[in-house]
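Spelled out from the first residue to the last, the chains are:
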Amino acid sequence: MLAEPSSTPLNPFPISTATSTEVYTPAPTLSPTKAFTPTATPYPEEILNIDPTGNEIPMRLVSDGEFMMGSEQYDDEKPIYQVYLDAFYMDKYEITNALYKACVDAGDCTVPKSTDKYNNSSYANHPVVYVDWYQAKTYCEWRGADLPTEAQWEKAARGTDARTYPWGEGIDCNKANYTRSCVGDTAEVGSYESGKSPYGIYDMAGNVWEWTDDWYAAYPGNTIANDYYGTSYKALRGGAWYYVEDYSRSANRDRVT
């Protein structure tokens, strides 16, 4: 997903990526964002970002303002605290194999670590997987954007009312591709109309993990020890098709090198 912020850098479009094995290792996506200059004119709810090869990619506006980030469910999600963000745009859909391939063919991106789905035309509209954080970052920058911060990602996923999932409360296979019993594989992007976030963004719960720009670190005010905090792991969001519902919560965090 991609975005354009006002004064701070924006970050959202997902490119799905995975590290080693698709079943046991998170498969994050990338979510580029883009900064924009505030004006007195209201921002349109949706814009088209055009990549260097001419592909038109819809982005949704995430309005400026405060929201409550985090939860009390797990130590790394504590404490719940208030965050202010400038407005930004985020990709409406996860980055597909076809869109990522355009960057590879242009000579700016490198092929995913595994190409089984990448080279399979029946997966052209599925999220790209097996791209690491650096590949995701490169793709976003190729589009003049960036990966989202964790705060940007979480606000885009849950809005301002502290809902558990992008659509509200409760989860089932009609809203997200979040457990092996739903689809048993990745799904085409935008398949879950009833699973959109408050800003009209698809697949922010389940399907594939999504990369953020941030290191996996403690939230302000969190003094609970965690050996994984620091500059070794990047933060992942959103869960994946082979993970149970708890991982699809908008506040859930995971990590990978």
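Quick caveat: nothing in here was measured; it's all calculated off a predicted structure.

A few words on the overall build of the protein chain. Helix and strand counts for the protein chain come out as three helices and eight strands. Going from N to C terminus, the protein chain has its helices and strands arranged as β-β-β-β-β-α-α-α-β-β-β. Expressed as a percentage of the 257 residues in the protein chain, the buried residues total 57%. The contacts of the protein chain with a sequence gap of at least 6 include a subset with a gap of at least 24, amounting to 71%. When the accessible surface of the protein chain is summed, it comes to about 10300 Å², and 49% of that surface belongs to carbon and sulfur atoms.

Before going further, it helps to spend a moment on the state of the cysteines. Going through the model one piece at a time under the given rule, you end up with two disulfides. A sulfur-sulfur separation of 1.9 Å characterises the disulfide bridge that pairs Cys103 with Cys109. Between Cys103 and Cys109, the S-S dihedral sits near 70°, and the bridge is therefore right-handed. Across this residue pair, the class does not change: Cys103 and Cys109 are buried. Note that Cys173 is cross-linked by a disulfide to Cys182, the S-S spacing being 2.0 Å. Here the disulfide of Cys173 and Cys182 is left-handed, its torsion about the S-S bond being about -80°.

A few words now on the sheet that holds strand β7 (residues 234-237). Taken in spatial order, the three strands make up an open sheet running β6-β7-β8, and their pairing is antiparallel. Here the strands that pair on one side only, and so sit at the sheet edges, are β6 (210-215) and β8 (254-256). Taken pair by pair, the neighbouring strands of this sheet meet at an average axis angle of 40°, ignoring direction. Bridging between β7 and β8 involves three bridges; their strand directions are antiparallel. Looking at β8, one finds that Ala235 is bridged to Arg255. Strands β6 and β7 of the sheet are contacted by helix α2 (residues 133-142), whose axis makes an angle of about 95° with β6. Across the face of the sheet, helix α3 (residues 150-158) comes into contact with β6 and β7 while running at roughly 140° to β6.

Among the nonpolar cores identified, the biggest contains 15 residues, and Met90, Ala156, Ile201 and Met204 are the most heavily contacted of them. The dominant element in this core, judged by the number of residues it contributes, is α3, at four residues. Membership of the second largest hydrophobic core comes to 13 residues, among which are Ile95, Ala102, Cys109 and Val128.

Thresholds, definitions, all that
Residues numbered from 1 in each chain as written. Predicted model: local features only at pLDDT ≥ 70, side-chain atom pairs only at ≥ 80, totals over all residues. Heavy atoms only, no water. Helix = DSSP H or I, 4+ residues; strand = E, 2+ residues; numbered from the N terminus. Buried < 20%, exposed > 50% of the residue type's maximum accessible area, 1.4 Å probe, protein only. Contact = heavy atoms within 4.5 Å. Areas by Shrake-Rupley, 256 points an atom, 1.4 Å probe, with all protein chains shown as cover. Disulfide = S-S within 2.5 Å. Pairing = 2+ DSSP bridges. Axes fitted to C-alpha atoms, helices over the stretch in contact; angles between N-to-C directions. Core = buried A, V, L, I, M, F, W, Y, C linked by side-chain atoms within 4.5 Å.

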